[in-house]
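Working through the structure, step by step
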Amino acid sequence: MVGRPALDGVRVVDLSHGIAGGYATKLLADAGADVMKVELPAGDPLRGHSASFSPVGDGGPLFSFLNTTKRGVVLDYRTEAGRDRLLDLYATAELVVERSEPGGLESLGLGWEALADRRPDATMVSVSNFGRGGPWSRRPANEFTLMAIAGSTATRGRPGRIPFNAGGRIGEWMGGVTAAVAATAALRRARRTGRGDHVDLSLLETITPTCTNVQTLWRSFTGEYDTRALPEVPSIEPTLDGFVGFCVFTGQQWHDFTVLVGHPEWADDPQLSTMGGRIAAGASIAEAIREWTSARTTAEVVEQAVLLRIPVAPIGNGANLPDLDQFAQRGVYVSHPGGGFIQPRVPYANLSHPSVPFRPAPRLGQHNVEVLDETTSGPRPRTQPPPPTHEPTDSPDARREPPDPDASPDAFPLDGVRVLDMTAFWAGPYAGLVLATLGADVIHVESVQRPDGMRFGSVRTPADDLWWEFGPTFHHANVGKRSVTLDLTRPEGMALLHRLMAVSDGLVENFSPRVIDQFGLDWDTVHRLNPRLVMVRMPAFGLDGPWRDRVGFAQTMEQVSGMCWLSGYADTAPQLARGPSDPLAGLHAAYAFICGLHARQRTGQGSFVEATMVETALNAAAEQVVEYSATGHLMTRDTNHHPDACPQGVYPCADGEHVALSVETTRHWQGLLDAVPELGLEALSASAALVDRFAARHALDERLGRWCAEQSSTEVVDRLISFGVPAAVLEISRGGDRNPQVNARGFYEAVDHPLAGTHRLPALPMRFGRQPERWFSRPAPLLGEHNAEVLGGLLGLDDDELARLETDQIIGTRPVFAPRTPAT
């Protein structure tokens, strides 16, 4: 059955501006929601933005991408008449997404209480820099300074050079998909209970774990704060015609890499077997690697590395991405329906509930009459009738089940949902983490033959018993889940998986496509076993195309998507953004799964979703392609300079610390002039306009750098903040949990683990108005910890059957390569 889009029939009022809110509501619109973008008369500031400062009118390329398929309304809701019209719109919507700072909408009588008064079953998602409540709630900030506060900026840089932020405002994109997850999860609960909610999302809390690889937890496990920014070996290396990116994660990959570059003897050196050892070795091997890659073209390096199954990628940018063969053959880039540029398609595909065809972004106020008339006449008729293949269960009149009178309005949003998590490393498990934390019963499926590889990122060594149970990233990505082990290469193990699928609502997997083919877990088979199950596959590059069977990790996605192209110094190779692609992919997969639940509520049928990892990164890096195709301007890296703010940089201070400051708006600029009148900064720029400030960026850097060098970091930040200028002291990546704001909001929760002890884990970066006191109900599981609980409790296996399965190593609690020591 090919049915209507998953969120068809959902109406959304979009009061946001910029990237985070814009991307959240774009995802909702892509899934079929009717999104009404409401702007003040001046319009979203992003309308006039171009990274090249080209004249774009009110339809800048990034704005047009983010607002594809929405309808546009202008309301001056600061006036009484405009406020009343907006309240009328509230009454027609199930979701409102807004991006004002705390207290902004409330002061106009348009906050959560006003929405609940008009529409008790509606939900408001409020996205702000620090969230509501806490000592920093109204502190001036933007993505650049939030990354500094979170500890992300300090992870990037070269010894003796200034640390730099990841290019492309990744934190905003992460916030956008997180807000979409929150909105659809809250919507599910509202539809079950008849009661809406207020979701309070903090961008700082979004960024802190996702853009630092949960380094605070690594510090908690090790007691070590030192995380110097040093380049990985190998990483992004020069070639005859550009650059190529490697990600050598496992021992086998390192062994194969040594063969690739003609130094097999390196495989015998135990120091070089780990990334830490290779970083320490540094120049002794890095020069030999560069010598090998520099003698070959990028295509030649990639071809040879792929044959050895080494994760590798060309370095993508705004000019070359659409022509890379995988993306060209799969049709990843499409023309914007309004013309003028190309953009990435929706980063996931639901086979049963396709995304809506793109429509042009609205002109300012384009749909005023149409939308405002609907507040009195009812919603507009469908513009596209369902195709004749629709079955009655997904007809326009088959909306949804009525609220369940027995459903608790205070239960978790995904209460009652069971998901099989057949993923490994970080991207896939992060999807399961999100679903588990939102209340789903997530069962992490591993095997004693091949446990989740992230277990081996451990703070213990293989000489220690149970060393695989001490991986900090594993602990965070799997908190709240149960664990079973099943040898899926054997018929009995696969039969047990089939039985688990029959009693589950979802399955998420990120094996390489060829492995799932070998398992026989195609969609037809899965759907036959359980017609209500939602299956999400997370291939690295897609289920078809010439890169289908290539291996890829987060670093690979950063390298090929363009994230690295925008990160680093102008005079060096591109640098890694360091980690965000994994949680970014996981969040998109979680969002697509929840959308599948919404469609199932209407149809009674499950659906198949392909959530390709690289396409989530391509969407988050979309500005490069939309800008290049619209204006011919190739965006590139230049330390901390970016055409959305100026001055913007990281500056050393007299106390040895660094501060980050960022001036986006003319209000910020005036605040900076008022804060440091003695510097005469206004004389350096031809005007207050961003284009003129950006032209003077190096002169502004020089003068601000001299001033910061004479002050302590706290003196600099305190003065700038008091004048409304975003500024922050750079936090180290393992110190993000020391921040008073995240601690005041209870973002970190202490979790007791039977082996690893008690550690504070970052929770979800949003607070629901109605939620239990804690997000986390259980620690990350031991390997196979819940075999008896799950296989016995859900499938009815008795103790004798379980014992036999363990003897036969179909299930178990220790990897097969780790025999029990005499002490155990």
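Since this is a predicted model, take the numbers as computed values, not measurements.

Topic: the overall build of the protein
On a plain count of helices and strands, the protein comes out with 31 helices and 24 strands. Its C-alpha radius of gyration of 26 Å places the protein within 12% of the 28 Å reference for a compact globule of 824 residues. Across its three principal axes, the protein shows a C-alpha extent of roughly 75 × 65 × 50 Å. In the protein, which comprises 824 residues, the share counted as buried stands at 61%. In the protein, of all internal contacts separated by at least 6 residues, the share reaching a separation of at least 24 is 77%. When the accessible surface of the protein is summed, it comes to about 28900 Å², and 52% of that surface belongs to carbon and sulfur atoms. One finds the centroid of the 74 positive side-chain charges in the protein at a distance of 3 Å from the centroid of its 99 negative side-chain charges.

Describing the pairing of strand β2 (residues 34–39)
Most of β2 is tucked away: six of the six residues are buried. Residues D34, M36 and V38 point to one face of β2 and V35, K37 and E39 to the other, with burial holding for every one of them. Two strands pair when backbone bridges link them, and strand β1 (residues 11–15) and β2 are joined in this way by four bridges, in the parallel orientation. Within the sheet, the bridge partner assigned to V12 lies in β2 and is V35. At this point the chain moves from β1, through helix α1 (residues 18–30), to the parallel β2, and the crossover so formed is right-handed. In this structure, β2 lies alongside strand β3 (residues 71–74), joined through four bridges in parallel fashion. Bridge pairing in β3 places E39 opposite V74. Taken together, β2, helix α2 (residues 61–66) and β3 constitute a β-α-β crossover, and its handedness is right-handed.

Quick word on the packing of aromatic side chains
On inspection of all chains with the given rule, the structure shows 23 aromatic pairs. On the basis of an interplanar angle of 80° and a centroid distance of 6.3 Å, the ring pair of W467 and W468 is categorised as edge-to-face. Per residue, the accessibility class of W467 equals that of W468, and both read buried. Grouped by ring-pair contacts, the aromatic residues F246, W254, F257 and W266 constitute a single cluster. Above the plane of the ring of F470 lies R460, whose end atom (NZ or CZ) is 3.9 Å from the centre.

Examining empty space enclosed by the protein
Scanning the entire structure with this criterion turns up five cavities of 30 Å³ or more. Considering only enclosed or pocket space, the largest cavity measures out at about 100 Å³ in volume. Taken together, 15 residues make up the lining of the largest cavity; nearest its centre are T210, Y430, A763, L764 and P765. Top contributing element to the lining of the largest cavity by residue count: helix α8 (residues 203–210), with four residues. Taken as a whole, the second largest cavity spans an internal volume of roughly 80 Å³. Mapped by element, the contributors of at least two residues to the lining of the second largest cavity are α7 (170–193) and α24 (622–631). When its residues are assigned to classes, the lining of the second largest cavity shows seven nonpolar, four polar and one charged.

Structural notes on the sheet that holds strand β13 (residues 418–422)
Reading across from one edge, β12-β18-β17-β16-β13-β14-β15 is the order of the seven strands in this open sheet, with mixed pairing throughout. Sheet topology places β12 (349–350) and β15 (482–485) at the edges, where each strand pairs with a single neighbour. One ladder, built from four bridges, connects strand β16 (residues 506–509) with strand β17 (residues 534–537); its direction is parallel. Considered in β17, the bridge of E509 is made with R537. Packed onto the sheet, helix α22 (residues 581–603) meets β12, β13, β16, β17 and β18 (608–610) and runs at close to 160° relative to β17.

Things to note about helix α6 (residues 143–150)
Counted residue by residue, α6 has eight buried out of eight residues, so it is predominantly covered. Residues of α6 that are buried include every one of E143, F144, T145, L146, M147, A148, I149 and A150, and no others. G151 sits one or two residues past α6 and shows a positive phi near 95°.

Digging into unusual backbone geometry
That bond from V233 to P234 is cis: its omega, -5°, falls within 30 degrees of zero. Relative to the assigned elements, P234 resides in the loop between α9 (215–222) and β7 (236–239). The omega torsion across C646 and P647 is -5°, close enough to zero to call that bond cis. Topologically, P647 is positioned in the loop between α24 and β19 (648–652). Although it is not a glycine, N213 sits at a positive phi angle of roughly 60°. For N213, the location among the structural elements is in the loop between α8 and α9. Even without being a glycine, V214 presents a positive backbone phi close to 50°. Mapping V214 onto the fold places it in the loop between α8 and α9.

Topic: the confidence of the model for the protein
Across the protein, the average pLDDT comes to 94, with 96% of residues at 70 or higher. Below a pLDDT of 50 lies the segment residues 382–392, which in the model reaches 11 contacts outside its immediate sequence neighbourhood of four places, other chains included.

A few points about the pairing of β19
Taking burial as the measure, the five residues of β19 include four buried ones, the bulk of the element. In this structure, β19 lies alongside strand β20 (residues 658–662), joined through five bridges in antiparallel fashion. Following the sheet pairing, V650 is matched in β20 by A660.

A few points about the nonpolar core
The biggest cluster of nonpolar side chains holds 131 residues, and the ones touching the most others in it are F327, L438 and Y591. Not counting residues up to four positions away in its chain, the partners in contact with F327 are L321, V332, Y333, W547, V560, V614 and L618. Counting residues in each nonpolar core, the second largest holds 31 residues, with L420, L496, L791 and L795 among its members.

Concerning the sheet that holds strand β4 (residues 95–98)
Here we have seven strands laid out as an open sheet, ordered β3-β2-β1-β4-β5-β6-β24, and mixed in their pairing. Each edge of the open sheet carries a strand with a single partner, namely β3 and β24 (766–768). Averaged over neighbouring strand pairs, the angle between their axes works out to 20° when direction is ignored. Note that β1 and β4 share four bridges and pair parallel. Counted as the bridge partner of V13 is V96 from β4. Together, β1, β2, β4 and β5 (123–128) form the strand contacts of helix α3 (residues 80–90), whose direction differs from that of β1 by roughly 145°. Taken strand by strand, helix α15 (residues 368–377) contacts β1, β2 and β3, and its axis lies near 80° from that of β3.

The rules behind each value
Residues numbered from 1 in each chain as written. Predicted model: local features only at pLDDT ≥ 70, side-chain atom pairs only at ≥ 80, totals over all residues. Heavy atoms only, no water. Helix = DSSP H or I, 4+ residues; strand = E, 2+ residues; numbered from the N terminus. Rg over C-alpha atoms; globule rule 2.2 N^0.38 Å. Buried < 20%, exposed > 50% of the residue type's maximum accessible area, 1.4 Å probe, protein only. Contact = heavy atoms within 4.5 Å. Areas by Shrake-Rupley, 256 points an atom, 1.4 Å probe, with all protein chains shown as cover. Lys, Arg positive; Asp, Glu negative; His and termini not counted. Charge placed at Lys NZ, Arg CZ, Asp CG, Glu CD. Pairing = 2+ DSSP bridges. Right-handed = clockwise from strand over helix to strand, strands pointing away. Phe/Tyr/Trp six-rings, centres within 6.5 Å; stacked < 30°, edge-to-face > 60°. Lys NZ or Arg CZ within 6 Å of the ring centre and 35° of its normal. 1 Å grid on protein atoms, 1.4 Å probe; cavity = no way out; pocket = protein on both sides within 12 Å on 5 of 7 lines; lining within 4 Å. Points joined across faces, edges and corners; volume = space filled by probe spheres on them. Nonpolar A, V, L, I, M, F, W, Y, C, P; charged D, E, K, R; others polar. Axes fitted to C-alpha atoms, helices over the stretch in contact; angles between N-to-C directions. pLDDT = per-residue confidence, 0-100. Core = buried A, V, L, I, M, F, W, Y, C linked by side-chain atoms within 4.5 Å.

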